[in-house]
Each structure stands twice: as structure tokens, then as C-alpha cells.
Amino acid sequence: MTMLHLNAFLMGVGHHEAAWRLPESDPFAQTDVAHFTRLARIAERGKLDSLFLADSPVLWNSIGRRPAGTLEPTVLLTALAGATRHIGLIATASTTYNEPFNLARRFASLDHISGGRAGWNIVTTAGVDAARNFNLDELPAHRDRYERAAEFIEVSLKLWDSWDDEAPLGDKDAGRWGDDNLVYPPGHVGRHFRVAGALNVPRSPQGYPLLVQAGSSEDGKELAARYAEAVFTAQQTLGEAQEFYRDLKRRAAQFGRDPDSVKILPGIVPAVGATEAEARALEEELDRLIKPEYARAQLATTLRVSPEDLDLDKELPADLPSEDEIQGAKSRYTLIVTLARRERLTVRQLIGRLGGGRGHRTFAGTPEQVADAIEEWYRSGAADGFNIMPPVLPSGLETFVDHVVPILQRRGLFRTEYTGTTLRDHYGLPRPANQSARRLAAAAH
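The sections below set out a description of the structure shown in this document. Everything quoted here is computed from the prediction, not taken from an experiment.

To continue, consider the overall build of the protein chain. Along the backbone of the protein chain there are 15 helices and 13 strands. What you see for the protein chain is a C-alpha radius of gyration of 22 Å, in line with the 22 Å of a compact globule of 445 residues. Taken along its principal axes, the extent of the C-alpha atoms in the protein chain is 75 × 50 × 40 Å. Out of the 445 residues in the protein chain, the part that is buried amounts to 55%. Summed over all atoms, the accessible surface of the protein chain reaches about 19200 Å², with 49% contributed by carbon and sulfur. Looking at the protein chain, you have 52 positive and 60 negative side-chain charges, and the mean spots of the two groups are 1 Å apart.

Here it is in C-alpha cells:
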């Protein structure tokens, strides 16, 4: 039987923006390697497939609102690779503000260091503030960012395949370390990139890292269908999740891919309590600690309006920008506006809903109820697994691992032990063949 896939999305002291204000929280944990080591070991104890670190090349939000500043994720995951043995390690990196050679080398290095547990969450990065950190006055257009991303991935694949698995020889007797005939320089010349030489890292244990994508716009879904092996998505309702699931699997098939090779993992923010009342109390305490002036300013930025246009006790204004006018984070903009309009939420209520998971599904209940919610979406064709986003860390992850995971295991939905050694093994995906070697072999015949 196919098993659920569970990824632990680690963010500071929790995904709820007010988690840092709880008595149990360390407001400076976001730069503490020991904190993340503890989280990684908890997730590995639960036999989770992977853990994931978000990232953006810009200072997020006002530093008055919540703990700010994050460690560079591939560097942090290198430390976590030495503290764990099995769990996959997924880092976010932007195709808009990196170059393929440097990034391909970084992920190949992480894959070697971790013994084949690296994954790359591919993002194009929304927001003009990031653009202005990289010699640009304005955010590149949405379509241009995705065209660059597609070429970036193609170049990265060529770089990861620029060494044959058999190229390193280590032949001491012959005095020959490697075979130059088994190195395949990309010689790539494209619209966005020119990359001549082979990577200076041998082909890694997985061939290349697990490719993950997290955009849900039309361009994002096309990129995911073409390249992604796991998709992190935000869906509020079962029907929306089922439609996204069907659509992305269909698109993958149109690219000649096996739809089952694309694993779709919606985010869920589970507030778990011994009783439903206890779970609700945790959710209410966190929402009470939100400072609405900060949250309103952030919401205004997302919606491209002035904070003064958002009355806390009224619904969203009728004259918001259309989706076509939005160049950054299109799918998140649409999700937030749709949620607010569908449920007729006031700005204050919307801030509370977004405070826990920024548009991801929030759920408060007992371990049994959380397991039921996960199983329902899984069995209903809405998900291949879930991106677990605890509102509070480490306690929320510990509760999920110690009380929800055992229920899923008893139901036969989740592994009780790791059966493979690489991240691709955990996701049931094969090690990819070297496409450069295949192309040369085909040309020779």
C-alpha cells in the first residue's frame, strides 16, 4: 500500500506569528543551531520523510512583529546532516537571485555530506524589496521569473549530470584518479545563462537533489508539472485541494511524466490538544497575542493597498487590485482574497486566520481528529501527504510526532521504520539516470 508522505516545515519557534510571545518560547531560537538540531531529531524520531526550511533573500516583515533574521538554509542543513541519519533535508533557494553553477554545487555538496538526503525547494521570489538587494529597481515580471526558473533548472540538471557515475576511478596502480572521457561539460548558451564547464563536484548519491516547488499560479503549476517531484501547496478546502491535485497530475502527464512521481503535499497547521477544548484554547491564546497593527501593515503589502484602507472591523474593500495586476505571489494573493470573500471575514478575523499559517489550512483538535483530517484528504484524492506546520515549536512538533503519527501508523497510513537511505527512497522515487551520458550514447549510435 502507498504510504502518506509527511514533511516537517520548520520555522523559528512556530508558524503562528505570535508563538514567540508564549512563556515556553525562546525569542532568539531562529539563529540557534541547537534549537534546529532538536527539531530535526524530533522529526526523525517520528520517521518523517523530510524537513524543510523556507528562505528569501530579503529581511522579512518588520522586526517589531516577530523574530526576524534566518540562517542560510543549506548551511544550516549541513549542520543538521551531521546530527541526523535518515530524514531528508530540503532547502529553499531562489532562481531569480542565484546562478546555476553556484547553486548546483551547493546542493550537490549537501547531497554528498548528507549521504543522499538533499532537496531543493525551487522559488522565483516575489517582492520588490528582494529585487532591490540585487541591483534591480523593480521586481522582474512574473512570466519572466518563471522562464528564467525553467532555464535555471535545465542548466542545473546538466551540471549535476556533468560527471558520469563511473568517472572517478581512484586507480592508484595506474596513477589515474578519474576518466576525463566521462565528464560532460554543459556548454549551455541560453536566454538567461551561459555555462561552459562541468561542475567541480562529482555526481552525488541521489544523482541530483529531490526537486520541490511551491507556487500555485498558472506559471507555477506549469513549472511544477514539468520538473517538480514534490509540490508544497496551500489549500483551504477539500474541494479546492482535489481540483489542484487533479489539475497538477494531469499537467504532469501532458509532459510525459508519471503523475504518481509528483507528490502533492498541502500545508496544515495543526493545533493539537488532549481535548478539542484544549486545542481551541491554544489557538485562541495565540490569536490573542497577535498585534493587529503589524499584521494589518503586512496584509496591506500583500494586497497592494494602504493600511488605512483596511478597517479592522470591516470586510476587505471591494476595489482591490485584480490578479492580473499582481506580479509577485499571485497564488497567495488569490487564496487570501478568496478566503476573505467566501467567508465574509472582517480584516481582524482574516488576520487571525492568516496569523497561524499565512493562508495554509489551520486545524484545531485532538490527535484523533487531526489524524482523521489528514486521512480524509489523503483518501479523497486531495493529497499524497502533508507539509506539517506546527503553530508552536518545539512543542507542536513533539505533540504531532508522539500522538498523531502513532495513530497514522496504526491505521497503516505511515511507515514505522525507514526502509531506505536517501530522500528519494523516502518519497518512493528512483535515482535518475544521467541524461548527459544518455544523450552522448544516443549520438554515438
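Resuming the write-up.
Here the focus is the pairing of strand β1 (residues 5–10). Of all 6 residues making up β1, 6 are buried, and the element is well covered by its neighbours. Side-chain alternation along β1 places H5, N7 and F9 on one buried face and L6, A8 and L10 on a second face that is also buried. Relative to strand β13 (residues 385–388), β1 runs parallel, the two sharing 4 bridges. Paired with H5 across the two strands is G385, which belongs to β13. By the bridge criterion, 4 bridges tie β1 to strand β2 (residues 50–53) in an arrangement that is parallel. In the sheet register, F9 faces β2, and the bridge partner there is F52. Regarding topology, helix α1 (residues 33–45) serves as the crossover connection from β1 to the parallel β2, and that connection is right-handed.

Let's shift gears to the packing of helix α5 (residues 142–160) against helix α6 (residues 218–227). Close contact between α5 and α6 brings their axes to 10 Å; oriented N to C, the two are set at 15°. As the angle between them shows, α5 and α6 are arranged roughly parallel. For the element pair α5 and α6, the recorded crossing hand is right-handed. For the pair α5 and α6, the contacting residues are H142, R143, Y146, A149, A150, I153, E154 and L157 in the first and D219, G220, L223, R226 and Y227 in the second. Residue composition of the contact of α5 with α6, grouped by class: 7 nonpolar, 2 polar and 4 charged.

Attention now goes to unusual backbone geometry. Omega for the bond connecting L393 with P394 falls within 30 degrees of zero, at 10°, which places this linkage in the cis form. Mapped onto the fold, P394 is located in the loop between β13 and α13 (395–410). With a phi close to 65°, K47 is a non-glycine residue in the positive phi region. Within the secondary structure, K47 sits in the loop between α1 and β2. Non-glycine residue N135 carries a positive phi angle of around 65°.

The next thing to look at is the pattern of salt bridges. Within this structure, the stated rule accounts for 30 salt bridges. Where K47 meets E417, a salt bridge forms, and the shortest distance between an N and an O atom there is 3.5 Å. Residue K47 is found in the loop between α1 and β2, and its partner E417 is found in the loop between α13 and α14 (423–426); the two are separated by 370 residues along the sequence. Classification of K47 by relative accessible area gives buried; the value is 18%. Close ionic contact of K221 with D247 constitutes a salt bridge, the shortest N to O distance being 3.2 Å. Pair noted here: K221 is in helix α6 and D247 is in helix α7 (residues 238–254), with a separation of 26 residues, a long-range link. Taking relative accessible area as the criterion, K221 reaches 11% and is therefore assigned buried. Given the relative accessible area of 9%, D247 is considered buried. Within this structure, E218, K221, E222, D247, R250 and R251 form a network of salt bridges that share partners.

With that settled, the discussion passes to the layout of surface pockets. By volume, the second largest pocket amounts to about 550 Å³. Along the wall of the second largest pocket there are 21 residues; nearest its centre are Y208, E229, R257, P432 and Q435. Mapped by element, the contributors of at least two residues to the lining of the second largest pocket are α5, α6 and α15 (435–444). Looking at the lining of the second largest pocket residue by residue, the classes come out as 9 nonpolar, 2 polar and 10 charged.

Between its first and last C-alpha, α7 extends 24 Å over 17 residues, near the 24 Å set by a 1.5 Å rise per residue. Of all the positions in α7, only A241, Q242, F244, Y245, D247, L248, K249, R251 and A252 are classed as buried. Close packing links the buried residues of α7 with α6, β10 (230–233), β11 (263–272) and α12 (367–379). Positive backbone phi, approximately 80°, marks G256, located one or two places after α7.

Here the focus is the packing of α12 against α13. Closest axis-to-axis distance for the α12/α13 pair is 9 Å, and the angle between their directions is 55°. The pairing of α12 with α13 is recorded here as oblique in orientation. The handedness of the crossing between α12 and α13 comes out as right-handed. Contacts between α12 and α13 involve P367, E368, V370, A371 and I374 on the former and, on the latter, F400, H403, V404, I407 and L408. Considering only residue class, the contact of α12 with α13 consists of 8 nonpolar, 1 polar and 1 charged.

With that settled, consider the side chain of T422. With respect to the helices and strands, the residue T422 is situated in the loop between α13 and α14. At 3.0 Å, the side chain of T422 and the backbone nitrogen of D425 are in polar contact.

Right, let's get into the pairing of β11. Burial analysis of β11 places 10 of its 10 residues in the buried class, the great majority of the element. Where burial is concerned, the two faces of β11 agree: the one with K263, L265, G267, V269 and A271 and the one with I264, P266, I268, P270 and V272 are both buried. Bridge count between β10 and β11: 4 bridges; the pairing is parallel. The residue bridging A230 from the neighbouring strand is K263, located in β11. Both β11 and β13 contribute to a ladder of 2 bridges, which runs parallel. Pairing of I268 across the sheet is with I388, part of β13.

Reading the values: the criteria
- Residues numbered from 1 in each chain as written.
- Predicted model: local features only at pLDDT ≥ 70, side-chain atom pairs only at ≥ 80, totals over all residues.
- Heavy atoms only, no water.
- Helix = DSSP H or I, 4+ residues; strand = E, 2+ residues; numbered from the N terminus.
- Rg over C-alpha atoms; globule rule 2.2 N^0.38 Å.
- Buried < 20%, exposed > 50% of the residue type's maximum accessible area, 1.4 Å probe, protein only.
- Areas by Shrake-Rupley, 256 points an atom, 1.4 Å probe, with all protein chains shown as cover.
- Lys, Arg positive; Asp, Glu negative; His and termini not counted.
- Charge placed at Lys NZ, Arg CZ, Asp CG, Glu CD.
- Pairing = 2+ DSSP bridges.
- Right-handed = clockwise from strand over helix to strand, strands pointing away.
- Axes fitted to C-alpha atoms, helices over the stretch in contact; angles between N-to-C directions.
- Parallel < 35°, antiparallel > 145°, perpendicular 65-115°, else oblique.
- Left-handed = near helix turned anticlockwise from the far one by under 90°.
- Contact = heavy atoms within 4.5 Å.
- Nonpolar A, V, L, I, M, F, W, Y, C, P; charged D, E, K, R; others polar.
- Salt bridge = Lys/Arg side-chain N within 4 Å of Asp/Glu carboxyl O.
- 1 Å grid on protein atoms, 1.4 Å probe; cavity = no way out; pocket = protein on both sides within 12 Å on 5 of 7 lines; lining within 4 Å.
- Points joined across faces, edges and corners; volume = space filled by probe spheres on them.
- Expected span 1.5 Å × (residues − 1).
- Polar contact = N/O pair within 3.5 Å; in protein donor to acceptor, adjacent residues only side chain to side chain.

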